[in-house]
Amino acid sequence: MIHIDYQQLNPQHFDAVIQLGNHVHGDNYLDQAAIQQIYQLGLKNNINASWVAFNKDKLVGFRLTIAAGNWQPDKWCSPELWPTSIETTCYFKCNTVNPDYQGNGIGSSMLKHSIKTARQQGAQAGLAHIWLASPGNSAFKYFSKCGGTLVKEHPGKWLENCIYDGYVCPICGTDCNCVAAEMILPFDQTTF
């Protein structure tokens, strides 16, 4: 059994988060400007909703969460189908675990930490866009197991990131046609 230490995200973690994010999700998934913005948007009432996981001194995972009230739904969101209001719904930007450490409950533990702090910020639910092309559809299975439910599928959600941000999808390259599953997780329905 490996020992994992969970900490709230802070600026000293940025470089390692960028490196792991780009390794797992594809080149240009994160950069300094993006992680700084996400970090700021995750803060509300002096509480940080984003978390990192360490095995000794090695960053092995991160959960980036934007606080309820600090983000606006875009064309890939269907707030009319959510059981909560926009103002009480945080945004789960991403959950990333080093492939060598997957299957140890790290992703679920980081989600639990994010839910706890998001609740302290006033959130009642979290929204995520789940990558349906993850190996074995593991992202969808994981989020569903935690209590998330499908709202709507969005083909081509990350194509704009390829065009405007230089993102390189690990499946499609620079012409990403992967489908995102818009999923909602009401905190009173979590399975942990």
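Residues numbered from 1 in each chain as written. Predicted model: local features only at pLDDT ≥ 70, side-chain atom pairs only at ≥ 80, totals over all residues. Heavy atoms only, no water.

## Overview of the overall build of the chain
Okay, step 1: Scanning the chain from terminus to terminus reveals five helices and nine strands.
Okay, step 2: When its helices and strands are written in sequence order, the chain yields β-α-α-β-β-β-β-β-α-β-α-β-α-β.
Okay, step 3: The C-alpha atoms of the chain give 15 Å as radius of gyration, which agrees with the globular expectation for 192 residues (16 Å, within 12%).
Okay, step 4: Considering only C-alpha atoms, the chain reaches an extent of 40 × 40 × 30 Å along its principal axes.
Okay, step 5: A burial count over the chain gives 49% of its 192 residues as buried.
Okay, step 6: For the chain, the accessible area works out to roughly 9400 Å², and carbon and sulfur atoms hold 49% of it.
Okay, step 7: Between the averaged position of the 13 positive side-chain charges in the chain and that of its 15 negative side-chain charges there is a distance of 9 Å. (Helix = DSSP H or I, 4+ residues; strand = E, 2+ residues; numbered from the N terminus. Rg over C-alpha atoms; globule rule 2.2 N^0.38 Å. Buried < 20%, exposed > 50% of the residue type's maximum accessible area, 1.4 Å probe, protein only. Areas by Shrake-Rupley, 256 points an atom, 1.4 Å probe, with all protein chains shown as cover. Lys, Arg positive; Asp, Glu negative; His and termini not counted. Charge placed at Lys NZ, Arg CZ, Asp CG, Glu CD.)

## Some points on the packing of aromatic side chains
Okay, step 1: Here the structure, examined in full by the defined rule, presents seven aromatic pairs.
Okay, step 2: Taken together, a centroid distance of 5.5 Å and an interplanar angle of 70° make the contact between Phe14 and Tyr39 edge-to-face. Here Phe14 is found in helix 1 (residues 14-25), whereas its partner Tyr39 is found in helix 2 (residues 32-41), with 25 residues between them in sequence. Across the pair, exposure class does not vary: Phe14 and Tyr39 are buried alike.
Okay, step 3: Summarising the aromatic geometry, the rings of Trp71 and Tyr91 are spaced 5.0 Å apart at their centres and angled 40° between planes, so their arrangement reads as tilted. Of the two residues, Trp71 sits in the loop between strand 5 (58-66) and strand 6 (89-97) while Tyr91 sits in strand 6, which places them 20 residues apart along the sequence. (Phe/Tyr/Trp six-rings, centres within 6.5 Å; stacked < 30°, edge-to-face > 60°.)

## With respect to the side chain of Asn22
Okay, step 1: In this structure, Asn22 sits in helix 1.
Okay, step 2: Look at Asn22 and you get buried, because its relative accessible area is 18%.
Okay, step 3: Among the polar contacts listed, one links the side chain of Asn22 to the backbone nitrogen of Leu30, at a separation of 2.8 Å.
Okay, step 4: Residues within four places of Asn22 in sequence aside, it is in contact with Asp27, Asn28, Tyr29 and Leu30. (Polar contact = N/O pair within 3.5 Å; in protein donor to acceptor, adjacent residues only side chain to side chain. Contact = heavy atoms within 4.5 Å.)

## Thoughts on the nonpolar core
Okay, step 1: Ranked by internal contacts, the top residues of the largest apolar core, which has 24 residues, are Leu9, Val17, Leu30, Phe62 and Leu64.
Okay, step 2: Of all the secondary structure elements, the ones that give two or more residues to this core are helix 1, helix 2, strand 4 (51-55) and strand 5.
Okay, step 3: Of the residues forming this core, the biggest block, four residues, is contributed by helix 1.
Okay, step 4: Discounting residues that sit within four places of it in the chain, Leu64 has contacts with Leu9, Leu30, Ile35, Ile38, Ser50, Tyr91, Phe92, Lys93 and Cys94.
Okay, step 5: Residues Phe143, Met183, Leu185 and Phe187 belong to the second largest nonpolar core, which totals 16 residues. (Core = buried A, V, L, I, M, F, W, Y, C linked by side-chain atoms within 4.5 Å.)

## What about the pattern of salt bridges?
If charged atoms from side chains of opposite charge come close, those side chains can pair.
Okay, step 1: Throughout the structure, instances matching the rule amount to one salt bridge.
Okay, step 2: The salt bridge involving Glu160 is made with Lys75; its shortest N-O contact spans 2.6 Å. In this pair, Glu160 is assigned in helix 5 (residues 159-165) and Lys75 in the loop between strand 5 and strand 6, connecting sequence segments 85 residues apart.
Okay, step 3: On the basis of relative accessible area, Glu160 is assigned to the partly exposed category, the value being 34%. (Salt bridge = Lys/Arg side-chain N within 4 Å of Asp/Glu carboxyl O.)

## Some points on the environment of Leu20
Okay, step 1: Positionally, Leu20 belongs in helix 1.
Okay, step 2: When the C-alpha atoms of Leu20 and Gln37 are compared, they prove to be 18 Å apart, with 17 residues separating the residues in sequence.

## Describing the packing of helix 1 against helix 2
Okay, step 1: Two numbers describe how helix 1 lies on helix 2: the axes approach to 10 Å, and their chain directions differ by 115°. What the angle tells us is that helix 1 and helix 2 run roughly perpendicular. For the element pair helix 1 and helix 2, the recorded crossing hand is right-handed. In contact with Phe14, Asp15, Val17 and Ile18 of helix 1, helix 2 contributes Gln32, Ile35, Gln36 and Tyr39.
Okay, step 2: Tallied by class, the residues present in the contact of helix 1 with helix 2 amount to five nonpolar, two polar and one charged. (Axes fitted to C-alpha atoms, helices over the stretch in contact; angles between N-to-C directions. Parallel < 35°, antiparallel > 145°, perpendicular 65-115°, else oblique. Left-handed = near helix turned anticlockwise from the far one by under 90°. Nonpolar A, V, L, I, M, F, W, Y, C, P; charged D, E, K, R; others polar.)

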